[in-house]
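These are the residues of each chain, in order.
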Amino acid sequence: MAETHVLFVEDDDVIREATQLALERDGFAVTAVPDGLTGLESFRADRPDIALLDVMVPGLDGVSLCRRIRDESTVPVIMLSARADSIDVVLGLEAGADDYVTKPFDGAVLVARIRAVLRRFGHASGGRSGGGEPEPATEGGVLVFGDLEVDTEGMEVRKGGEQVALTPTEMRLLLEFSSAPGTVLSRDKLLERVWDYGWGGDTRVVDVHVQRLRTKIGQDRIETVRGFGYKLRA
């Protein structure tokens with residue numbers, strides 16, 4: 001089996017070299033570069049399986065780099081931020097990142113987060129990752145909610161007959177909602193099922209992805225139930 005190729009963009013030499021060694025010890029192939037422009041060139045040349053982007057890198061900052069990558073690919077992206085409460089976290093998620101890790105980080109935690117992202121990308125068509133209830137039976141695997149059609153077998157979404165481009169994380173999020181329309185799903189439950197978190201996570205990840213999904217399938221399709229979570233309007 002081919003090694004998973006990681007693009008790692010980090011301008012701090014010590015962090016870049018130490019993290020590269022740690023990832024390589026865990027079996028990853030790593031391309032580590034010190035700035036965003038080189039990172040974009042490496043991404044286009046090598047087409048890695050996942051990208052780790054520090055927010056504050058020279059040339060082209062991590063948020064802008066994430067946006068450029070997302071314009072070209074649905075490859076998973078994890079942002080690295082020095083502050084958990086930084087606006088950069090939200091900006092990175094809004095730019096299309098799938099998750100983020102706060103620095104300083106433990107190497108084992110980073111590896112766990114990378115593997116969690118890769119698992120859900122590898123099983124984007126698999127519905128809930130936690131075993132949960134089975135998907136509802138549908139004719140041809142297509143769920144219909146007004147003008148929204150979710151093809152759970154072909155992994156395609158259409159709104160008003162037009163195909164909607166979703167990232168794998170957005171698709172998994174929509175599958176969770178569409179498997180239980182009208183049911184309120186808490187942020188913690190979505191973190192567990194979509195992000196494969198076996199531990200507490202930052203619910204901003206959920207909120208930003210819900211907002212991104214709303215812009216694609218309709219602002220009114222996913223309802224906020226204040227104090228509890230979200231639900232899909234049937």
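Okay, so let's go over this structure. (Residues numbered from 1 in each chain as written. Predicted model: local features only at pLDDT ≥ 70, side-chain atom pairs only at ≥ 80, totals over all residues. Heavy atoms only, no water.)

**Side note on the nonpolar core**
L53, M79, V150 and F177 are the most contacted members of the largest nonpolar core, which totals 50 residues. Broken down by element, the residue count for this core peaks at six residues, all from helix α8 (residues 204–217). Other than its neighbours up to four places away in sequence, F177 contacts L185, L190, V210, L213, I222, Y230, K231 and L232. (Core = buried A, V, L, I, M, F, W, Y, C linked by side-chain atoms within 4.5 Å. Buried < 20%, exposed > 50% of the residue type's maximum accessible area, 1.4 Å probe, protein only. Helix = DSSP H or I, 4+ residues; strand = E, 2+ residues; numbered from the N terminus. Contact = heavy atoms within 4.5 Å.)

**Details of helix α1 (residues 13–25)**
Taking 1.5 Å as the rise per residue, α1 with 13 residues should run 18 Å; its terminal C-alpha atoms sit 18 Å apart, in good agreement. For α1, the full list of buried residues reads R16, T19, A22 and L23. Buried residues of α1 fall within an arc of 140° about the axis and therefore sit on the same side. The outward face of α1, more than 90 degrees from its buried face, is lined by the exposed residues V14 and R25. Elements in contact with the buried residues of α1: β1 (5–9), β2 (29–33), β3 (50–54) and α5 (107–122). Where α1 starts, the residue carrying a side-chain oxygen 3.0 Å from the main-chain nitrogen of V14 turns out to be D12. Of the residues flanking the end of α1, it is G27, one or two places downstream, whose phi is positive at about 95°. (Expected span 1.5 Å × (residues − 1). Arc of directions from axis to C-beta. Polar contact = N/O pair within 3.5 Å; in protein donor to acceptor, adjacent residues only side chain to side chain.)

**Here's the deal with the pairing of β2**
On a regular strand, each side chain points to the face opposite its neighbour's, so the side chains alternate between the two faces of the sheet. As paired elements, β1 and β2 share five bridges and run parallel to each other. Note on β2: the bridge partner recorded for F8 is A32. In the classification by handedness, the crossover that spans β1, the intervening α1 and the parallel β2 is right-handed. (Pairing = 2+ DSSP bridges. Right-handed = clockwise from strand over helix to strand, strands pointing away.)

**Focus on the pattern of salt bridges**
In a structure, side chains of opposite charge can pair up when their charged atoms sit close to one another. Following the criterion strictly, the structure yields 17 salt bridges and no others. Among the ionic pairs, E176 bridges to R193, the shortest N-O distance being 3.6 Å. Of this pair, E176 sits in helix α6 (residues 168–178) while R193 sits in helix α7 (residues 187–194), and the two are 17 residues apart along the sequence. By the burial criterion, E176 is buried, and R193 matches it. Residue R187 pairs with D207 through a salt bridge whose shortest N-O separation is 2.7 Å. Residue R187 is located in helix α7, and its partner D207 is located in helix α8; the two are separated by 20 residues in the primary sequence. Since its relative accessible area comes to 23%, R187 is described here as partly exposed. Among the charged side chains, a salt-bridge network with shared partners connects E10, D54 and K103. (Salt bridge = Lys/Arg side-chain N within 4 Å of Asp/Glu carboxyl O.)

**A look at the sheet that holds strand β5 (residues 99–102)**
Strand order in this open sheet of five strands is β2-β1-β3-β4-β5, and the pairing throughout is parallel. Pairing within the sheet leaves two strands with one partner each, and these edge strands are β2 and β5. Shown here is a sheet whose adjacent strand axes are inclined to one another by a mean of 20°, direction ignored. Sheet analysis places strand β4 (residues 77–81) next to β5, joined by four bridges and oriented parallel. Its bridge partner being in β5, M79 is matched across the sheet by Y100. The strands that α1 touches are β1, β2 and β3; relative to β2, the one it contacts most, it runs at about 170°. (Axes fitted to C-alpha atoms, helices over the stretch in contact; angles between N-to-C directions.)

**Describing the packing of α6 against α8**
Contact geometry of α6 with α8 gives a least axis separation of 10 Å together with a crossing angle of 85°. Put simply, α6 runs roughly perpendicular to α8. Facing T169, E170, L173, L174 and F177 of α6, the residues of α8 in contact are H209, V210, R212, L213, K216 and I217. Among the residues forming the contact of α6 with α8, the class breakdown is six nonpolar, two polar and three charged. (Parallel < 35°, antiparallel > 145°, perpendicular 65-115°, else oblique. Nonpolar A, V, L, I, M, F, W, Y, C, P; charged D, E, K, R; others polar.)

**A short note on the sheet that holds strand β9 (residues 162–164)**
Strand order in the open sheet formed by four strands is β6-β7-β8-β9, with antiparallel pairing between adjacent strands. Edge positions in the sheet fall to β6 (142–145) and β9, since each has one partner strand and no second. Ignoring which end each strand starts from, the neighbouring axes of this sheet average 25° apart. Two elements, β6 and strand β7 (residues 148–151), share four bridges in a ladder whose sense is antiparallel. Within the sheet, the bridge partner assigned to V142 lies in β7 and is D151.

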